[in-house]
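Each chain is listed here by its residues.
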Amino acid sequence: MTPLRTRLAAATIGAGLVLAAPAAAWAGPLRSPSTPQTSSPSNASSPSSSTLEALRAKCLAAIDVRLPALAAARADVANDQHTTAEHKTALEADIDQTAARLQTLQGEIQADTELSALRDHCHSIFQDNRVFALVLPRARLVVGADTAGFAGDKLSDVAGKLADAIQKAQDAGRDVAQAKADLDAMKAQIASGVAAAGAVPGDVLGLTPADWNANHDVLTPARQSLRAARADLKVARDLAVKIRNELRTPTTTPPAPSSPVSGSPQA
Amino acid sequence: MNNTTDPRPDRPRAGRLALASVAAASAAVLLLAGCGGGADPTPRPAASAAGTAAASLPATGATSLPATGATSPPATGATSAAAGTGAASPPATGTSGPSIGETAASAGTNPAVPAADTDQDLADVDRALSDLDTQITGVDRDVATPEGDLR
C-alpha cells in the first residue's frame, strides 16, 4: 500500500468513527421509551395487538381527562357557600360514585387482553357515567339554583327594608304610588325567580346516565328554568335600585331624573 | 542500533498515521460521551404521559380526545373555577340597571332613604347573580361539549 493510500484509508476510518459513533449511540436507547408501559401482557408486534394498545391508550386518556374534572367539581361544590347541605351531600355522592366507577374501569382497561372486553370497558366510560353531559352540568345547575335562592332571599330582605322606607315616606306626606307599584313588581319578580330556581335541583338530582342516553335534552328544562330565574332576579334587583332612587328624590323635585335640581345626587 | 535516529523515511509516516487514528478515535469517544450515551432525557411511559397531560389541564380539564371526539370544558378553568367559587367575582351583573354605588353616595339626604345595610344586601345580590351567570355559562359550555364515544 502506498503512503498516500494509507493516509486516505486512515482519514476515512477517522471520519467514519466521528460520524457513526454518535448516530449509533442515539439510535439505540430511543427504542425503549416507544414501548408502551401500559402493563399490557400482550405482544405488541402483531397488528391486532397494536390496535388493542391504541384503543387502550385512548380509553385511559378519556379517563385521565374526566377524573381531574370531577375532582375540581367536587371541590367547587364543597367550597360553595350558597349550596345547601342536602344538595352538597347529593352532589358529592354523585361525583364520588362516578369517580369510583372510572377508577375501576381504569384498572380493568389496563388489564384487558381481549379486544372485545376492552371495547366494553371503554364504552362504559361514556355510557355509564356521562361526566361532561350530565354529572358536571348537573352540579353547576344545582349550585346555580341554590345561588339564585340566596339572591332571592337577599332581595326579599331588601324588599322589606324598602317597604319600611316607603311607609316612612308616605307618613311624611310624599307620593309613593310609583314606589309601591315598583315594590309589588319587585316582589313578583323575586317570587317568580325563586320558584323557577327552586324547581331545578329536584328536576336534575335524580337523573341517571341512562336518562341522558335516552334523551340528550334531559337537562334542557332545568337550564331554561335557571335562565328564567336569573332574568327575574335581575329585574328585581334593578327595581330595588329604582325604588331607592325614587325615595331619595326630594319631594320638591320633579320626577324627571335628569332634572338639574340643586342638591339632587341623581343629576 | 538506535531506532530513534533511524533515518528510514517510513517510520515518521507510520507514526503520523497512528496519531491521526488515535485523535479520530478520541474525538469519537468525546462526542459519544457528550451525547450522554444517547439516553432519552425524558422517558415517558404511555400511561403516565396521559396522566401528566391531564394533570396540567385547568381544573375542569381542557383537552381534546381525538379518538372519542370528546373535549372537556376549557378552564372549567374558567371552568373549573366554575362551580360556585364566586366569592371573589366582580359585582357587575351585566344589567343596564342603575348602579348601587351611585345611589349609595346619596344616602342620608332624605329621611325616607332605606337603611344603609341595603347597600350591602344589594352588593351581595350582585355577587350572587354574577356567580349564577358563571354557573349558567359553565353549564352551556359543558353541554356543548361532545360527550364522545368510541367509534
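Keep in mind that what you see is a predicted model, and the values were worked out from it rather than measured. (Residues numbered from 1 in each chain as written. Chains lettered and ligands numbered in written order. Predicted model: local features only at pLDDT ≥ 70, side-chain atom pairs only at ≥ 80, totals over all residues.)

1. A short note on the overall build of chain A
So, step 1. Within chain A, the secondary structure is distributed over eight helices and zero strands.
So, step 2. Evaluated residue by residue, chain A yields a buried proportion of 40% over its 267 residues.
So, step 3. Excluding contacts between residues fewer than 6 apart, the proportion of contacts in chain A whose partners are at least 24 apart in sequence is 73%. (Helix = DSSP H or I, 4+ residues; strand = E, 2+ residues; numbered from the N terminus. Buried ≥ 20, exposed ≤ 12 C-beta atoms within 10 Å, placed from the backbone. Contact = placed C-beta atoms within 7 Å.)

2. Let's talk about the overall build of chain B
So, step 1. In terms of regular secondary structure, chain B is built from five helices and two strands.
So, step 2. Reading chain B from its N end, one meets helices and strands in the order α-α-β-β-α-α-α.
So, step 3. Here chain B, with 151 residues, has 32% of them falling under the buried criterion.

3. Brief notes about the packing of helix α6 (residues 177–204) of chain A against helix α8 (residues 220–248) of chain A
Residues and elements named next belong to chain A.
So, step 1. One can describe the packing of α6 onto α8 by two numbers: an axis separation of 8 Å at closest approach and a directional angle of 155°. Between α6 and α8, the crossing angle belongs to the class labelled roughly antiparallel. Seen along the crossing, α6 lies across α8 with a hand that is left-handed.
So, step 2. Residue classes in the contact of α6 with α8 are distributed as 22 nonpolar, five polar and five charged. (Axes fitted to C-alpha atoms, helices over the stretch in contact; angles between N-to-C directions. Parallel < 35°, antiparallel > 145°, perpendicular 65-115°, else oblique. Left-handed = near helix turned anticlockwise from the far one by under 90°. Nonpolar A, V, L, I, M, F, W, Y, C, P; charged D, E, K, R; others polar.)

4. Details of unusual backbone geometry
All names here are of chain A.
So, step 1. One non-glycine residue, Arg130, lies in positive phi territory at about 50°.
So, step 2. Tracing the backbone shows Arg130 in the loop between α4 (115–127) and α5 (131–171).
So, step 3. On the basis of neighbour counts, which here come to 24 C-beta atoms within 10 Å, the residue Arg130 falls in the buried class.

5. Overview of the packing of helix α3 (residues 85–111) of chain A against α4(A)
All names here are of chain A.
So, step 1. Taken N-terminus to C-terminus, the directions of α3 and α4 make an angle of 160°; their axes are 10 Å apart at the nearest point. What the angle tells us is that α3 and α4 run roughly antiparallel. Crossing of α3 over α4 shows left-handed handedness. Contacts from Leu102, Leu105, Glu108 and Ile109 of α3 reach α4 at Leu118, His121, Cys122, Ser124 and Ile125.
So, step 2. For the contact of α3 with α4, the class distribution of residues is six nonpolar, two polar and one charged.

6. Examining the nonpolar core
So, step 1. By size, the foremost hydrophobic cluster in this structure holds 74 residues, and its most contacted members are Ala139(A), Leu141(A), Ala151(A), Leu155(A), Leu226(A) and Ala240(A).
So, step 2. Mapped by element, the contributors of at least two residues to this core are α2 (47–79), α3, α4, α5, α6 and α8 of chain A together with α5 (117–144) of chain B.
So, step 3. In terms of residue count, α5(A) provides more of this core than any other element does, 21 residues in total.
So, step 4. When residues are assigned to domains, this core turns out to be shared by domain 1 (47–127) and domain 2 (131–248) of chain A, each giving three or more.
So, step 5. Filtering out sequence-adjacent residues up to four positions away, Leu141(A) remains in contact with Val200(A), Val204(A), Leu219(A), Ala222(A), Arg223(A), Leu226(A) and Val139(B). (Core = buried A, V, L, I, M, F, W, Y, C linked by C-beta atoms within 7 Å. Domains from an automatic or database assignment.)

7. Observations concerning the confidence of the model for chain A
Residues and elements named next belong to chain A.
So, step 1. Of all residues in chain A, 75% attain a pLDDT of 70 or more, and the chain-wide mean is 83.
So, step 2. Contacts of residues 19–44 to residues separated by more than four positions or lying in other chains number 42 contacts, the stretch itself having pLDDT below 50.
So, step 3. Every residue in residues 253–267 scores below 50 in pLDDT, and together they form 14 contacts with partners more than four places removed in sequence or on other chains. (pLDDT = per-residue confidence, 0-100.)

8. Overview of the environment of Asp112(A)
Residues and elements named next belong to chain A.
So, step 1. Here Asp112 lies in the loop between α3 and α4.
So, step 2. For Asp112, a count of 22 C-beta atoms within 10 Å translates into the label buried.
So, step 3. Sequence separation of Asp112 and Leu52 is 60 residues, and the distance between their C-alpha atoms is 8.9 Å.
So, step 4. Ignoring sequence-local partners within four residues, the contact set of Asp112 consists of Arg56, Ala117, Leu118 and His121.

9. Quick look at α6(A)
Each turn of an α-helix holds 3.6 residues, which means side chains three or four residues apart point in the same direction.
Residues and elements named next belong to chain A.
So, step 1. The end-to-end C-alpha separation of α6 is 42 Å, in line with the 40 Å expected for 28 residues at 1.5 Å each.
So, step 2. Here α6 has its buried residues at Ala179, Leu183, Met186, Gln189, Ile190, Gly193, Val194, Ala196, Ala197, Val200, Pro201 and Val204.
So, step 3. The elements touched by buried residues of α6 are α3, α5 and α8. (Expected span 1.5 Å × (residues − 1).)

10. Looking at the environment of Ala185(A)
All names here are of chain A.
So, step 1. Residue position: Ala185 is located in helix α6.
So, step 2. Residue classification places Ala185 among the partly exposed positions, given that 15 C-beta atoms sit within 10 Å.
So, step 3. Considering only alpha carbons, one finds Ala185 and Ala236, 51 residues apart in sequence, at a separation of 7.6 Å.

11. Considering the confidence of the model for chain B
Residue and element names in this part refer to chain B.
So, step 1. Chain-level pLDDT for chain B is 54 on average; 25% of the residues reach the 70-or-more range.
So, step 2. Per-element mean pLDDT across chain B ranges from 31 in strand β1 (residues 64–65) up to 91 in α5.
So, step 3. Low pLDDT, under 50, characterises residues 35–96; the stretch is placed with 159 contacts to residues that sit more than four places away or in other chains.
So, step 4. This model gives residues 101–108 a pLDDT under 50, and the stretch forms twelve contacts once residues within four places in sequence are excluded.

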